[in-house]
Amino acid sequence: MERFFKIEDLQKSVKEVLQDPSLTYEQQTFRLAKLAENSLDYPVAKEDPFYDLYERGEICDLDEGHAPYAPRYVLPDYGKFLREGSKFLRLDPPKNLLEALSSLLILYRHVPSVTRFPVYIGSLDQLLEPFVQREDEAHARELIRWFLIQIDRTVNDSFCHGNIGPQETLTGRIILEEEMDLQNATPNLTLLYEEGVTPDAFAQKAVLSSLTCANPAFANHQAYQADFGDLDYGIASCYNALPLGGGAFTLSRLRLNKIAQGAESVEDFFEKRLPRAVQVLTHFMEKKIDFLVQESAFFKGNFLVQEGLIHLDNFVGLFGIVGLHEAVGHLMDLEGLEGVFGHDPEADQMGLRIMDRVKEEVAKFKTKYSPNMGHRFLLHAQVGAAGDQGTTPAHRIQIGQEPDLYSHIRQASLFQPYFPSGCGDHFPFDETAKNNPGAVLDVFKGAFQLGNRYVSAYNDDGDLIRVTGYLVKKSDVEAFNRGDQVSYDTVQYAKDPLLDYGVLKRKVEGV
């Protein structure tokens, strides 16, 4: 890491962006803005231990920028917006479906995030059902179809996320049916599933949609409701559960594998290196949040704040982890023990020991923010980023070492409960699963009964694929690899996971 800004380096980087034929104009603009932001220093002193751990790869800021001027993830209260309109946007409350859809599309254009696009577009069926019920169904379907098309063509990043459920609605059925036909990568969708509330027929339709277009994923609504208590929540970005009317200030992460590789012994890892890394990262995250809240203009002047669509107290810091699989393997070697994470109880127990210590150390830190989350950061199962060669996302089992489906789900249930702010496992199925969506639904029900929070499925032969949580089309990655321009930003992030990290080699399941 270059700790001191050099104008020559900035000028070189600017020129490279301007001359890159694979970038659209909009993508160039975003990269130029990030270069300008990163001409400032990180909000920690130059002698801070953050830099040493960053250079060793033990901690990672996910390229959020040196001086964040908007929260990483924002979840506006879209229901309030539809009820009251917006003075800033000069919009009255909508009176019909066309006005509601148009109003939402206008607001989406003004919702920031780390991707510069909205990462949460609301519980779409709940928002739109009152308007749909007053329309002819064919007309409502046509309007929703074009609403989905416009999102896909203008929100050029599949971290954009919408929710449906847990109740069945006409709007929810229309969205599923249209998505199966459109095969869009955006928005990413999650069904908030609750057994006894979500009808089996509707859930099976969602499974069939997942096996047709990789959308939606399934979230354990009861588990997340228990996590957030009196706060409403939404699933945003990849699979991040966050307070509605708030969101995430920041997401930074530990590479547990890198920390383990630097340890001289298991005791050194647990008693020195892991606690120190957590302390350094929580301190760094707090400094970033300080800058965002105290120095940037966002919480002082943004209309989302002024109109009560978001509230400072509903934002939280996300503390992420990756590389648990490799960390377990290295510590087992240090102990002279045999066993593979995801297969052997001794290895899984080592993983649980690591997560218990991470949870304990993160809980020691008290942030001055996030009163609605008890002034604590939330643990997050982070899915990966650039430079993650040899690092398995989150708590997952390394691709190529997956056990059978049911053992895999039982093992995941040991780890998913650690992560109230988001986690998930993804299962590609073969073509035969489409003939029996009820069997796949039974698998998901069993996963939730074991305590899993989030699962998803897709057809291994389809063009759309879940990478680490977000969706891309294989054909778009191929085009990007040829040097062609592709409108979706997310494609650039998917290239390494698909081509180098083995995502296309996940174990394919049958039912």
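Notes on the structure follow. Please read all numbers here as calculations on a predicted model, not as lab measurements. The residue numbering used here restarts from 1 in each chain and proceeds along that chain's sequence as written. Confidence filtering applies because this is a predicted model: local features only for residues at pLDDT of at least 70, side-chain atom pairs given and counted only at 80 or more, and all residues used for totals across whole chains, interfaces and linings. Side-chain numbers here rest on the full set of heavy atoms in the structure, without hydrogens or water.

Observations regarding the pattern of salt bridges
Salt-bridge detection follows one rule: a side-chain nitrogen of Lys or Arg within 4 Å of a carboxyl oxygen of Asp or Glu. Per the counting criterion, the structure on display carries 27 salt bridges. Across the pair Glu360 and Arg357 runs a salt bridge, and its minimum N-O distance is 3.9 Å. Separated by 3 residues within a single helix, Glu360 and Arg357 lie in helix α16 (residues 345-364), roughly one turn from each other. Burial classification: accessible surface area is computed with a 1.4 Å probe over protein chains only, and a residue below 20% of its type maximum counts as buried, one above 50% as exposed, and the rest as partly exposed. Since its relative accessible area comes to 41%, Glu360 is described here as partly exposed. The salt bridge partner of Arg357 is Glu361, with a shortest N-O separation of 3.0 Å. Of this pair, Arg357 and Glu361 both sit in helix α16, 4 residues apart, roughly one helical turn. Residues joined by salt bridges that share partners form a network here, namely Glu137, Arg141, Arg145, Glu177, Glu178, Asp181 and Lys205. For the purposes of this entry, the term helix denotes a DSSP run of H or I that reaches at least four residues, the term strand denotes a run of E that reaches at least two, and both are numbered from the N terminus.

Points about the sheet that holds strand β5 (residues 217-220)
Sheet architecture is open: 5 strands sit in the order β3-β4-β5-β12-β11, paired in mixed fashion. The sheet is open, and its two edges are formed by β3 (161-164) and β11 (425-429), each paired on a single side. With direction set aside, neighbouring strand axes in the sheet form an average angle of 25°. By the convention used here, strands pair only if DSSP detects at least 2 bridges between them. As paired elements, β11 and strand β12 (residues 454-459) share 5 bridges and run parallel to each other. Across the sheet, the residue bridging to His426 is Ser456, located in β12. Here a residue-residue contact requires only that any non-hydrogen atoms of the pair lie within 4.5 Å. Angles run from 0 to 180 degrees between N-to-C directions of axes, and those axes are lines fitted to C-alpha atoms, restricted for helices to the stretch in contact. Of the strands in this sheet, β3, β4 (188-193), β5, β11 and β12 are in contact with helix α9 (residues 200-213), which crosses β12 at around 55°.

Regarding the environment of Asn38
Mapped onto the elements of the fold, Asn38 is located in the loop between α2 (25-37) and α3 (50-55). Judged by relative accessible area, Asn38 falls into the partly exposed class, the value being 27%. For the pair Asn38 and Ala385, spaced 347 residues apart in sequence, the C-alpha separation works out to 18 Å. Here Asn38 is in contact with Gly65 and His66, once residues within four sequence places are set aside.

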